[in-house]
Amino acid sequence: MTPGPLRDPSRGPAPVVPPPPARTSTRGDAEATRPAPSPRSDVAPLAGRTVLVPRAPERAAGLAATLRDAGARVLVSPAIERARVEDAAPVDGAVARLAHGDFAWVVVTSVNAIDELVASAARQGVDLGDAARRSRWAAVGPATHRALEAVGIQVDLEPTENSARGLVTAFAALASTDHTSTSPNQASTSANQGSTSRGRGLVLLPQGDLAAPTMHDGLHDLGYVPHVVTVYRTVTHALAPEVVAAWHAGEVDAVVLTSGSVAREVARQLGPRDDVAGVAIGDPTARTARAVGLRLDAVAARPTDSALATALTTVLSGDPATPLAADPTDAVDPTDEGDPS
């Protein structure tokens, strides 16, 4: 409802309007006097709304639960999925070099990449956490950070802006820092790594096949030696028939876009609709969404479930006042082809 005009303060306090007199029924006690109903304060902010989350169920679970708690009908169906690379030799070779201590840094921009590194280490009878100890590790965001720690890897660098651009900026700051007071876990490198004390060295970039060159180019310009290894592929996954039907019937109010690949597949499989609001997980995804003709209403402040839910609530209800409650460890990070760019 659109609020009415504000009262002019110079006119003094607003008059107190007495409540209307009680209405007395002429039909007896069965319809006795009733007070006027008070406005409901417990209406869920997304009640009556339908939101499409085109992710795998296990990846969408946290956000879907938050949205359902807010009253939304949530449709979950993946538009893309991860696939193994056809030739695992480059991945296995990179992990062997990692165990040997060849890399000064490993930069991870996707939880998917961690899964593939763990699998490669297992194929070689190596624990990834042990193989990782001679390198420093950078994570694009909190979810990737947690996933690395879960396999025994200490994270040395996480940018304030959770994107590849943010990581490049963090490395630039690191390179310009006076390292004469290097911390203990930053001090040693192998001869093959180059000098990390001057912010240089060989850097492993395990990425998806659709990753933008932002990370490689940014590190190269800073004087690092990037070594890109494709560790997984992003392939199309057909959206569920009921999702397609709901979209074309005009039942969907909003769609959550968690990577450029997802945006492209939503546009390809469903087609753009002017009446479906789009919320993107980050600026790179937003740019792709616009490029493929999808409506784009908001970009989440952070790549987390709670930030996505809050952006959706703001777009669909127009009430930005109260962020939706969510698990404080709900970070999701842009993934797939490395949405950050």
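Report on the accompanying structure. For clarity, every value in this text was computed on a predicted model and none was experimentally measured.

1. Examining the overall build of the protein chain
Phase 1 of the analysis: Counting its secondary structure elements, the protein chain contains eleven helices and ten strands.
Phase 2 of the analysis: Burial analysis of the protein chain (341 residues in total) assigns 48% to the buried set.
Phase 3 of the analysis: Within the protein chain, residue pairs in contact and separated by at least 24 positions form 67% of the contacts whose partners lie at least 6 positions apart.
Phase 4 of the analysis: About 16900 Å² of surface is accessible on the protein chain, with carbon and sulfur atoms providing 53% of the total.

2. Considerations on helix 11 (residues 305-317)
Each full turn of the α-helix corresponds to 3.6 residues, which orients residues three or four apart in the same direction.
Phase 1 of the analysis: The end-to-end C-alpha distance of helix 11, which contains 13 residues, comes to 18 Å, matching closely the 18 Å that a straight helix rising 1.5 Å per residue would cover.
Phase 2 of the analysis: Regarding helix 11, the residues found buried are D305, A307, L308, A309, A311, L312, T313 and L316.
Phase 3 of the analysis: In this fold, the buried residues of helix 11 make contact with strand 1 (50-53), helix 1 (57-69), strand 8 (254-257), strand 9 (277-280) and strand 10 (298-299).
Phase 4 of the analysis: Phi turns positive one or two residues past the end of helix 11, at G318, with a value near 70°.

3. A few points about the sheet that holds strand 9
Phase 1 of the analysis: Judged by pairing direction, the sheet is parallel, and its five strands sit side by side in the order 2-1-8-9-10 without closing on themselves. Every interior strand has two partners, whereas the edge strands, strand 2 (73-76) and strand 10, have only one.
Phase 2 of the analysis: The pairing of strand 1 with strand 8 spans two bridges and is classified as parallel. Residue pairing in the sheet places V51 in a bridge with A254 of strand 8.
Phase 3 of the analysis: Relative to strand 2, helix 1 is tilted by about 170°, and along the sheet it contacts strand 1, strand 2 and strand 8.
Phase 4 of the analysis: Contacts from helix 11 reach strand 1, strand 8, strand 9 and strand 10, with the element oriented near 155° to strand 9.

4. Some thoughts on the environment of V262
Phase 1 of the analysis: Topologically, V262 is positioned in helix 9 (residues 260-269).
Phase 2 of the analysis: The exposure class of V262 is buried, given its relative accessible area of 1%.
Phase 3 of the analysis: Sequence separation between V262 and I80 is 182 residues; the distance between their C-alpha atoms is 6.5 Å.

5. Focus on the side chain of S120
Phase 1 of the analysis: Here S120 lies in helix 3 (residues 111-123).
Phase 2 of the analysis: When residues no more than four places from it in sequence are discounted, the contact partners of S120 are V91, D92 and V95.

6. Some details on the pairing of strand 6 (residues 202-208)
Phase 1 of the analysis: Most of strand 6 is tucked away: seven of the seven residues are buried.
Phase 2 of the analysis: The alternating pattern of strand 6 places L202, L204, P206 and G208 on one face and V203, L205 and Q207 on the opposite face, and all of these are buried.
Phase 3 of the analysis: Pairing geometry for strand 4 (residues 105-108) and strand 6, over two bridges, is parallel. Counterpart to W105 in the pairing with strand 6 is V203.

7. Topic: the nonpolar core
Phase 1 of the analysis: Ranked by internal contacts, the top residues of the largest apolar core, which has 26 residues, are V108, W137 and L148.
Phase 2 of the analysis: Element by element, the count of residues in this core is highest for helix 3, at five residues.
Phase 3 of the analysis: Every residue in contact with W137, bar those within four places of it in the chain, is listed here: L98, W105, V106, V108, L117, A132, L148, I153, Q154, V155, D156 and L157.

Conventions used here
Residues numbered from 1 in each chain as written. Predicted model: local features only at pLDDT ≥ 70, side-chain atom pairs only at ≥ 80, totals over all residues. Heavy atoms only, no water. Helix = DSSP H or I, 4+ residues; strand = E, 2+ residues; numbered from the N terminus. Buried < 20%, exposed > 50% of the residue type's maximum accessible area, 1.4 Å probe, protein only. Contact = heavy atoms within 4.5 Å. Areas by Shrake-Rupley, 256 points an atom, 1.4 Å probe, with all protein chains shown as cover. Expected span 1.5 Å × (residues − 1). Pairing = 2+ DSSP bridges. Axes fitted to C-alpha atoms, helices over the stretch in contact; angles between N-to-C directions. Core = buried A, V, L, I, M, F, W, Y, C linked by side-chain atoms within 4.5 Å.

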